[in-house]
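Survey of secondary and tertiary structure
If you want the building blocks of each chain, they are given just below.
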Amino acid sequence: MLRPFELHRPETLTDAATLMAQYGSDAAPYAGGTELLLLMKAGIARLPHLVDVKRLPGTATIEMRDGALTIGAAATHRAVERSPLVRARFPLVAGVAAHVANVRVRNVGTVGGNLAFADPHSDLATLFLTFDARLELVSSAGTRELPLDQFVLGPYETARQPEELLASVRLTPWPARTSGCYVKFGVHERPSLGIAVALTLGAEERVIAARLCVGCVSPRPHRIREAELLLTGQPLAAIEAVADEAGALAGRAVDPISDLHGSAEYKRHLVSVFTRRALDVAVARAHGREPQRGYAHAVVV
Ligand SMILES: Cc1cc2nc3c(=O)[nH]c(=O)nc-3n(C[C@H](O)[C@H](O)[C@H](O)COP(=O)(O)OP(=O)(O)OC[C@H]3O[C@@H](n4cnc5c(N)ncnc54)[C@H](O)[C@@H]3O)c2cc1C
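This is a predicted model, so every value here is computed, not measured.

Right, let's talk about the pairing of strand β11 (residues 178–185) for a bit. β11 sits mainly inside the fold: 8 of its 8 residues count as buried. On β11, burial covers both faces: Thr178, Gly180, Tyr182 and Lys184 on one face and Ser179, Cys181, Val183 and Phe185 on the other are all buried. By the bridge criterion, 8 bridges tie β11 to strand β12 (residues 193–201) in an arrangement that is antiparallel. The residue of β12 that forms the bridge with Lys184 is Gly194. As paired strands, β11 and strand β15 (residues 298–300) are joined by 3 bridges and run antiparallel to one another. Paired with Phe185 across the bridge in β15 is Ala298.

Tracing the chain through its elements places Glu228 in helix α10 (residues 225–231). At a separation of 3.0 Å, a polar atom in the side chain of Glu228 contacts the side chain of Arg223. If near-sequence neighbours (up to four positions away) are discounted, Glu228 is found in contact with Ala210, Arg211, Leu212 and Arg223.

A few words now on the pairing of strand β13 (residues 207–215). With 7 of 9 residues buried, β13 lies mostly within the body of the structure. Bridging between β12 and β13 involves 8 bridges; their strand directions are antiparallel. Of the residues in β13, the one forming a bridge with Thr200 is Ala209. Counting the residues that bridge the hairpin from β12 to β13 gives 5 residues, and of these Glu204 lies at a positive phi of roughly 55 degrees. In terms of strand pairing, β13 meets strand β14 (residues 222–223) through 2 bridges, oriented antiparallel. In the sheet register, Cys213 faces β14, and the bridge partner there is Arg223. Where β13 hands over to β14, the hairpin turn is made up of 6 residues, of which Cys216 adopts a positive phi near 85 degrees.

Below, the discussion takes up the nonpolar core. Buried together is how nonpolar side chains tend to be arranged in soluble globular proteins. One finds Ile71, Leu115, Phe128 and Leu171 to be the most contacted residues of the largest nonpolar core, which totals 38 residues. Of the residues that make up this core, three or more belong to each of domain 1 (1–52 + 59–173) and domain 2 (178–300). Beyond its immediate sequence surroundings of up to four residues, Leu115 is in contact with Leu124, Ala125, Phe128, Leu135, Leu148, Phe151, Thr158, Leu166 and Val169. By size, the runner-up hydrophobic cluster in this structure holds 35 residues, among which are Ile195, Val197, Val242 and Val281.

Across the sheet, which stays open at both edges, the 3 strands sit in the order β1-β3-β2 with parallel pairing between neighbours. Edge positions in the open sheet fall to β1 (6–8) and β2 (27–30), since each of these has one partner strand only. Going from strand to strand, the sheet's axes swing by 30 degrees on average, the running direction of each strand aside. Here β2 runs beside strand β3 (residues 49–52); their pairing, made up of 4 bridges, is parallel. Across the sheet, the residue bridging to Tyr30 is Asp52, located in β3.

Rules used throughout
Residues numbered from 1 in each chain as written. Predicted model: local features only at pLDDT ≥ 70, side-chain atom pairs only at ≥ 80, totals over all residues. Heavy atoms only, no water. Buried < 20%, exposed > 50% of the residue type's maximum accessible area, 1.4 Å probe, protein only. Helix = DSSP H or I, 4+ residues; strand = E, 2+ residues; numbered from the N terminus. Pairing = 2+ DSSP bridges. Polar contact = N/O pair within 3.5 Å; in protein donor to acceptor, adjacent residues only side chain to side chain. Contact = heavy atoms within 4.5 Å. Core = buried A, V, L, I, M, F, W, Y, C linked by side-chain atoms within 4.5 Å. Domains from an automatic or database assignment. Axes fitted to C-alpha atoms, helices over the stretch in contact; angles between N-to-C directions.

Right, here's the structure in full:
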């Protein structure tokens, strides 16, 4: 049952930040409500004040700013999926947005709510790590920026101070000659695994930068530096030969727990297998080919 609460509807981001400072931990920002209202109904969160942040001017804007794709916190997944700018310049981001949850959740659920909630089963946080995402946080004391990997601290835990509001996320475009993909796997409502890969090619078709990010199976999404090191410097033609080793490194680097998504051992196995598959897709795309093969219970974006 939903307990009574007061809904505040400020007109500006500054007014919203003032309300957050005034009510402190008695208040929470309220965007699409897809997570927040569930928590309140279950009695897990008892909040006498909600501050509506989804109608604040400018906070749902999606635009290029100083060379980075800037997505306002109140932009819905559906808006990202349908944005001509995102589709043209960041097709992987639009493609992943189109596979978040279901259309009802995508219509109201926001990018800011997804990142601020820090559910380990988020697709966005994993994918956004490959774009060196930076978050803009606003409070009555001012504005600060944080890299995404310093923002998400663990399951449902972020570096956001209680009175701070997430205003936007900035994604830096991949360098030229980068190919990649996002692979998600799962049999439940939310993904059991998300893997994002980006390989940048330099002279003589060698990988000069590799990004491999894994989400859902560790307390927070993270890059697999050991595998990135292995991949960097390899000729594109050699990636297939080292993909198993990269998968094994990734499987060892994650920190899973056993839960309804599977045992810890099974999750390590999934990470190894899907790392290899994600690398296959990235290599095929670097050759200008689109792999035909699908994988059961998996989506390849
Ligand atoms: C059935 C289902 C399936 C899902 N499947 C997926 C999936 O496949 N992939 C995936 O990535 N996600 C998935 N999700 C998660 C979904 O993306 C999030 O529920 C949604 O994006 C949250 O946004 P919201 O606007 O509804 O947040 P709310 O519920 O309004 O808020 C969530 C939390 O964030 C805080 N918050 C909201 N906005 C701000 C802000 N601007 N500043 C600071 N704090 C803020 C709130 O106080 C609250 O703590 C799924 C959710 C559901 C219900």
